[in-house]
Amino acid sequence: MSAQNRAATITGTITDPDGHGVASAPVQAKNTKTRALHKTTSSASGSYVFGGLPPGTYELSVPAIGVTLANYERKRVVLRSGRTLRLDVRLQWGVNLGTPGDDAAVFLASARRESPPPSGPAPHTPEGEPDLSGVWIGSDDPNPEEPPLLPWASAVMKRRKQLDKITDNPSAHCLPASLPLSGAGIYKFVQTPALLVMMFEDVIGYRQVFLDGRGHPKDGDPSWMGHSIARWENDTLVVDTIGFNERSWLGLYPHTEKLHIVERYQRRDLGHLDVQITAEDPGTFLKPWTIRNVWELAPKEDVLEYVCNENNKDLPHLSGK
């Protein structure tokens, strides 16, 4: 009873810039002392509640929702014993400034509803290897970790978050948006005995992963997608990639040409692909950074043509604020 009497509560409503409630928004409250992370999701009307929280100081956050709504953070939220704190959150527009129909996250949510992943055993190739071929809906890591950064990289991240994350993004200049480390998107895999082709909607819309036993070139030119080779470890395909230039982004994170990425793909059944990606860059990160997610097969979907080579008139209108 004493513990219950001391519990505190945070409640409120998540709204967009027009004042409409935001449904299914992920909300997090982190205790700054214990680092305990509490999670909830807003209701259909946008309301949320955290009950039974120990008194203390918290950080309240809402991750970015697609490219429509920007992330929200509020520090030094003080909860007192037995009290209820009302904290309403007004989100700001993201990169697309609220343009209807211009958000992959919204589209993918609709695609998942209309085309749920099929059930059944994972298919295999005539050679006996798991067949990763298909059109997949990617997802974000449900429990992302923050990689520890070297001071220069930390300064770049701070600047990108505060001011320049939009206008500095390569995609604003019709360059590849980010290395395809995961995230909401449509990915198409075409697997042959010697080659896995990954297709996605971006300026560079494909990757080649060599399965023929070759090694990395000894003196390859750095490129946006790097050079990828792969091997099978039982039923898991391990993709090894090096040879990146320094111009691409890892989400918002910078990197150097020392970047080394290892991806692990395991098709657990017909409709699901388990993905684990580890990025190691001693010029940027203090230790390797790993993300994990699950992709879902979407037989009714396909990748579309993506063109951004000329007539780019968007850049002058973009703002990082």
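Since the model is a prediction, treat every value here as computed from it, not as a measurement.

### A short note on the overall build of the protein
- Of the regular secondary structure elements, the protein holds 3 helices and 17 strands.
- Burial analysis of the protein (321 residues in total) assigns 40% to the buried set.
- Roughly 17,400 Å² of accessible area belongs to the protein as shown, and the carbon and sulfur atoms make up 51% of that amount.

### Points about the sheet that holds strand E3 (residues 37-41)
- Ordered by their spatial adjacency, 4 strands build an open sheet running E3-E2-E5-E6, and the pairing between neighbours is antiparallel. If you trace the sheet from one side to the other, it starts and ends with E3 and strand E6 (72-79), each paired once. Across the sheet, the axes of successive neighbouring strands diverge by a mean angle of 20 degrees, strand direction being ignored.
- Bridging between strand E5 (residues 56-62) and E6 involves 6 bridges; their strand directions are antiparallel. Of the residues in E6, the one forming a bridge with Val62 is Tyr72.

### Section: the sheet that holds strand E16 (residues 272-280)
- Here 9 strands make up a closed barrel; going around it, the order is E9-E10-E11-E12-E13-E14-E15-E16-E17 and the pairing mixed. Across the sheet, the axes of successive neighbouring strands diverge by a mean angle of 30 degrees, strand direction being ignored.
- Here strand E14 (residues 236-242) runs beside strand E15 (residues 260-269); their pairing, made up of 6 bridges, is antiparallel. Each bridged residue has a counterpart across the sheet, and for Val238 the counterpart in E15 is Arg264.

### Thoughts on the packing of aromatic side chains
- Scanning the entire structure with this criterion turns up 8 aromatic pairs.
- Here the aromatic rings of Tyr253 and Phe285 are separated by 6.3 Å at their centres, their planes lie at 75 degrees, and the arrangement is edge-to-face. Taken together, the residues Tyr253 in the loop between E14 and E15 and Phe285 in the loop between E16 and strand E17 (289-297) connect sequence positions 32 residues apart. Here the two residues Tyr253 and Phe285 agree in accessibility, since each one is buried.
- Ring geometry for Tyr253 against Trp289: centres 4.9 Å apart, planes inclined by 65 degrees, an arrangement best described as edge-to-face. Of this pair, Tyr253 sits in the loop between E14 and E15 while Trp289 sits in strand E17, placing them 36 residues apart in sequence. In terms of burial, Tyr253 and Trp289 fall into one category: buried.
- An aromatic cluster is defined as three or more aromatic residues linked by ring pairs; in this entry it consists of Tyr187, Phe189, Tyr265 and Trp295.
- One Lys or Arg, Arg160, reaches over the ring of Trp249 and ends 3.6 Å from the middle of that ring.
- Above the face of the Phe210 ring, Arg214 is positioned so that its terminal group lies 3.8 Å from the ring centre.

### Description of the pairing of E14
- For E14, the buried fraction is high: 6 of the 7 residues fall into the buried class.
- Alignment of strand E13 (residues 227-233) against E14, held across 7 bridges, turns out to be antiparallel. Bridge pairing in E14 links Trp232 to Leu237.
- Hairpin connection, E13 to E14: the antiparallel pair is bridged by 2 residues, and Asn234 has positive phi, about 60 degrees.

### Considerations on the pattern of salt bridges
- Counting across every chain of the model gives 9 salt bridges.
- Between Asp302 and Lys188 there is a salt bridge; the shortest N-O distance is 3.4 Å. Residue Asp302 is found in the segment after E17, and its partner Lys188 is found in strand E10 (residues 185-191); the two are separated by 114 residues along the sequence.
- Asp302 sits in the partly exposed class, given a relative accessible area of 38%.
- Assessed through its relative accessible area of 24%, Lys188 is described here as partly exposed.
- Members of the salt-bridge network, linked through shared partners, are Lys30, Glu59 and Lys75.

### Examining the nonpolar core
- With 34 residues, the main nonpolar core has Phe189, Leu250, Ile261, Tyr265, Leu273, Trp289 and Trp295 as its most contacted residues.
- Among the secondary structure elements, those contributing two or more residues to this core are helix H3 (151-164), E10, strand E11 (195-200), E14, E15, E16 and E17.
- Here Trp289 is in contact with Glu145, Pro147, Leu181, Leu250, Tyr253, Ile277, Thr278 and Ala279, once residues within four sequence places are set aside.
- Of all hydrophobic cores here, the second largest spans 20 residues; its members include Ile14, Val62, Leu87 and Val89.

### Here's the deal with the confidence of the model for the protein
- With 86% of its residues at a pLDDT of 70 or more, the protein has an overall mean of 87.
- Between the elements of the protein, mean pLDDT differs from a low of 56, seen in helix H1 (residues 2-6), to a high of 98, seen in E14.

What counts and how
- Residues numbered from 1 in each chain as written.
- Predicted model: local features only at pLDDT ≥ 70, side-chain atom pairs only at ≥ 80, totals over all residues.
- Heavy atoms only, no water.
- Helix = DSSP H or I, 4+ residues; strand = E, 2+ residues; numbered from the N terminus.
- Buried < 20%, exposed > 50% of the residue type's maximum accessible area, 1.4 Å probe, protein only.
- Areas by Shrake-Rupley, 256 points an atom, 1.4 Å probe, with all protein chains shown as cover.
- Pairing = 2+ DSSP bridges.
- Axes fitted to C-alpha atoms, helices over the stretch in contact; angles between N-to-C directions.
- Phe/Tyr/Trp six-rings, centres within 6.5 Å; stacked < 30°, edge-to-face > 60°.
- Lys NZ or Arg CZ within 6 Å of the ring centre and 35° of its normal.
- Salt bridge = Lys/Arg side-chain N within 4 Å of Asp/Glu carboxyl O.
- Core = buried A, V, L, I, M, F, W, Y, C linked by side-chain atoms within 4.5 Å.
- Contact = heavy atoms within 4.5 Å.
- pLDDT = per-residue confidence, 0-100.

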